[in-house]
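Secondary and tertiary structure notes
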Amino acid sequence: MERIEVDLHARGNAAVLRLPPRRFPGLLLQGDSLSVLREDVELIRSALRAGDQAAAREWADHLGAELDGLLGHYIAVLDRAGITLPFRRPSPPPGPAATPPPGRAGDGV
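Residues numbered from 1 in each chain as written. Predicted model: local features only at pLDDT ≥ 70, side-chain atom pairs only at ≥ 80, totals over all residues. Heavy atoms only, no water.

1. Some remarks on the nonpolar core
Of all hydrophobic cores here, the largest spans ten residues; its members are Ala14, Leu37, Leu43, Ile44, Ala47, Ala55, Ala56, Trp59, Leu63 and Leu70. It is helix H2 (residues 53-81) that contributes the most residues to this core, five residues altogether. Counting residues in each nonpolar core, the second largest holds seven residues, with Tyr74, Val77, Leu78 and Ile83 among its members. (Core = buried A, V, L, I, M, F, W, Y, C linked by side-chain atoms within 4.5 Å. Buried < 20%, exposed > 50% of the residue type's maximum accessible area, 1.4 Å probe, protein only. Helix = DSSP H or I, 4+ residues; strand = E, 2+ residues; numbered from the N terminus.)

If you want it as structure tokens, here you go:
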């Protein structure tokens, strides 16, 4: 593994960093957090296969809020650093707040 210096801004399980020689920063997401997001997608798929539109909508809203939080963190870091976004700014801008997850299968919720 090669060691390099990067510009970094960490928050929780995600960090915004810029690797040389990239123009724009990226988002480093911890592997366990990525796994949870993937699990959320599978819960949406399972609910859709079961015809449970309400559960699918609830999980989709939760996943959307999680992704909005990550995107909001990325945008805030770039704004503070004076870096132009590499995409069109979302409207309204996402915020860091996320909805609590619905009960997972096997959680007894």
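2. What about unusual backbone geometry?
Glycine aside, the phi torsion of most residues is negative, and most peptide linkages are trans. Residues Pro20 and Pro21 are joined by a peptide bond in cis, for which omega reads 0°. Relative to the helices and strands, Pro21 is located in the loop between strand E2 (14-18) and strand E3 (26-29).

3. So, the pattern of salt bridges
Taken as a whole, this structure holds four salt bridges when the rule is applied. Glu42 is the salt-bridge partner of Arg38, the closest N and O atoms lying 3.6 Å from each other. You can see Arg38 and its partner Glu42 sitting in helix H1 (residues 31-49), four residues apart, about one turn around the helix. Note on Arg38: relative accessible area 44%, which makes it partly exposed. As a salt-bridge pair, Glu42 and Arg49 come within 2.8 Å of each other at their nearest N and O atoms. (Salt bridge = Lys/Arg side-chain N within 4 Å of Asp/Glu carboxyl O.)

4. Comments concerning H2
Here H2 is 29 residues long and its end C-alpha atoms lie 41 Å apart, about the 42 Å a rise of 1.5 Å per residue gives. Immediately downstream of H2, the backbone of Gly82 shows phi near 70°, a positive value. (Expected span 1.5 Å × (residues − 1).)

5. Things to note about the packing of H1 against H2
Where H1 meets H2, the axes come as close as 8 Å, and the angle between the chain directions of the two elements is 160°. Here H2 runs roughly antiparallel to H1, going by the angle between their axes. Relative to H2, H1 is oriented so that their crossing is left-handed. Contacts between H1 and H2 involve Leu37, Asp40, Val41, Leu43, Ile44, Ala47 and Leu48 from the former and Gln53, Ala55, Ala56, Trp59, Ala60, His62, Leu63, Glu66, Leu67 and Leu70 from the latter. Classifying every residue of the contact of H1 with H2 gives 13 nonpolar, two polar and two charged. (Axes fitted to C-alpha atoms, helices over the stretch in contact; angles between N-to-C directions. Parallel < 35°, antiparallel > 145°, perpendicular 65-115°, else oblique. Left-handed = near helix turned anticlockwise from the far one by under 90°. Contact = heavy atoms within 4.5 Å. Nonpolar A, V, L, I, M, F, W, Y, C, P; charged D, E, K, R; others polar.)

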